[in-house]
Amino acid sequence: MKSFNHTLRVNNVPNDVRSLLYHIARGVKYINFSLRAGNTGEANTSNCSGEDQLKLDVLSDKIIMNELEGSELCALLASEEQDDLVRFPAPRGKFVVAYDPLDGSSLVDANLTIGSIFGIWEGDELVGKKGREMVAAAYAIYGPRVELIVAVKGKGVMVFEMNDVGEFMLTKKDLKLRENSKYFAPGNLRATAINKKYLKLINDYIAEKRTLRYSGGMVPDLHHILQKGEGIFTYPGCEKHPNGKLRLAFECAPFAFIFAEAGGKATTADGQEILDIEITEPHQRTTIFIGSTGEIDRAVEALR
Ligand code: AHG
């Protein structure tokens, strides 16, 4: 038997973490149903970053919020779609969850693959935490198949696929990344207009006849790297946005945790480990280079 719950139990995932992940899995199932229902219109609202929200952004956020609140395991929730943190009154749970309920919403109208991302810490505050202190992280990918990828501290990376009755079943465990790669996923290419070192790195990849894989969705782009066991995703800053576009708590730290469990690496464009950056503001942004360790070291060196 390779069901979600059973797999986490036999891998000695603590009961409360397992139960929290179970609620996340249920939320992912409901988000998938909403996506398939096809209500892709705009909500006529914007989030705190000034981005227009889709009805699906709002709905997905509500689904995850309800699931996590219903778990009675959380003290604090931080959503990419909400300005404010949601704090639960005592007696409250022992976890903080930061999540992006629908990453890649600008891809929804084009029917490209999107995802949800979750970072889990123990405690009752998010500010002051580092990615390295997470107890677990997960992401869901809504493609032709729906998969939920889970990393629990010290237990590696597991992949579950949703079956036709909505259950997540284990399909792979212990995903590992090779040190070097032929794949590259270059984000924020606008930066090459000014940053000639970034332009040279990209041109070097092309000259080396590497394979480009970039969809514009962080979830599918990083999932490709994990599934193939190799690759690099880069998102440096530019003049207007020195810290790039991607958020530390909702996107970069959870992925850095998952990649570290797979033997990979994630740094800023300056070479600082993403897992060592302290969260000073829930919506703070960071540049990110993430993937096979040898590729990250090379890219950081190239931009130095
Ligand atoms: P959004 O949710 O607004 O579609 O943004 C998606 C994020 C992330 O998933 C992706 O890696 C990045 O934005 C892509 O940025 P570019 O548009 O600059 O390529």
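Heads up: the structure comes first, above all this text.
Residues numbered from 1 in each chain as written. Predicted model: local features only at pLDDT ≥ 70, side-chain atom pairs only at ≥ 80, totals over all residues. Heavy atoms only, no water.

> What exactly am I supposed to notice about the overall build of the protein here?
Per the secondary structure count, the protein includes seven helices and 15 strands. Projected onto its principal axes, the C-alpha positions of the protein cover 55 × 45 × 40 Å. Residues classed as buried in the protein amount to 56% of the 304 residues present. A sequence separation of at least 24 residues applies to 62% of the contacts in the protein between residues at least 6 apart. Only carbon and sulfur atoms are counted for the fraction: they give 48% of the accessible area of the protein, which is about 13,100 Å². Taking the average location of the 37 positive side-chain charges in the protein and that of its 41 negative ones, the two points are 6 Å from each other. (Helix = DSSP H or I, 4+ residues; strand = E, 2+ residues; numbered from the N terminus. Buried < 20%, exposed > 50% of the residue type's maximum accessible area, 1.4 Å probe, protein only. Contact = heavy atoms within 4.5 Å. Areas by Shrake-Rupley, 256 points an atom, 1.4 Å probe, with all protein chains shown as cover. Lys, Arg positive; Asp, Glu negative; His and termini not counted. Charge placed at Lys NZ, Arg CZ, Asp CG, Glu CD.)

> Sorry, what's going on with the site of the ligand here?
Looking at the ligand, there are 13 residues lining it, with Asp103, Ser106, Tyr214, Met218 and Tyr235 nearest. Gly104 is positioned such that a nitrogen or oxygen atom in its backbone is 3.0 Å from an oxygen atom of the ligand. Lys245 places a polar side-chain atom, nitrogen or oxygen, 2.9 Å from an oxygen atom of the ligand. Protein contacts shield 83% of the accessible area of the ligand, which totals 470 Å² for the unbound molecule. Both domain 1 (4–173) and domain 2 (183–303) contribute no fewer than three residues apiece to the shell around the ligand. (Near = heavy atom within 4 Å. Polar contact = N/O pair within 3.5 Å; in protein donor to acceptor, adjacent residues only side chain to side chain. Domains from an automatic or database assignment.)

> What am I meant to see in the sheet that holds strand S4 (residues 86–87) here?
Neighbouring strands of a sheet are bound in pairs by backbone hydrogen bonds; such pairs are parallel or else antiparallel. In space, the eight strands of this open sheet follow the order S4-S3-S5-S6-S7-S8-S9-S10, with mixed pairing throughout. Looking along the sheet, the strands with just one partner apiece sit at the ends: S4 and strand S10 (168–173). Two elements, strand S3 (residues 74–79) and strand S5 (residues 95–103), share five bridges in a ladder whose sense is parallel. Considered in S5, the bridge of Cys74 is made with Phe95. Sitting on the sheet, helix H3 (residues 55–71) is in contact with S3, S4, S5 and strand S6 (114–122), with an inclination near 155° to S5. Where helix H5 (residues 218–228) meets the sheet, it contacts S5, S6, strand S7 (136–142), strand S8 (146–152), strand S9 (157–162) and S10, and its direction lies at approximately 105° from that of S7. (Pairing = 2+ DSSP bridges. Axes fitted to C-alpha atoms, helices over the stretch in contact; angles between N-to-C directions.)

> How should I be thinking about the pattern of salt bridges in this particular structure?
Any two side chains of opposite charge can pair, on the condition that their charged atoms come close. This structure, assessed with the given rule, holds 17 salt bridges. Close ionic contact of Arg26 with Glu67 constitutes a salt bridge, the shortest N to O distance being 3.2 Å. Here Glu67 lies in helix H3 and Arg26 lies in helix H2 (residues 15–37), a separation of 41 residues in the sequence. Of the residues examined, Arg26 reaches a relative accessible area of 30% and is grouped as partly exposed. Residue Glu67 is classed as buried on the basis of its relative accessible area, which comes to 8%. Lys200 is the salt-bridge partner of Asp204, the closest N and O atoms lying 2.8 Å from each other. (Salt bridge = Lys/Arg side-chain N within 4 Å of Asp/Glu carboxyl O.)

None of this, on its own, says anything about what the molecule does.
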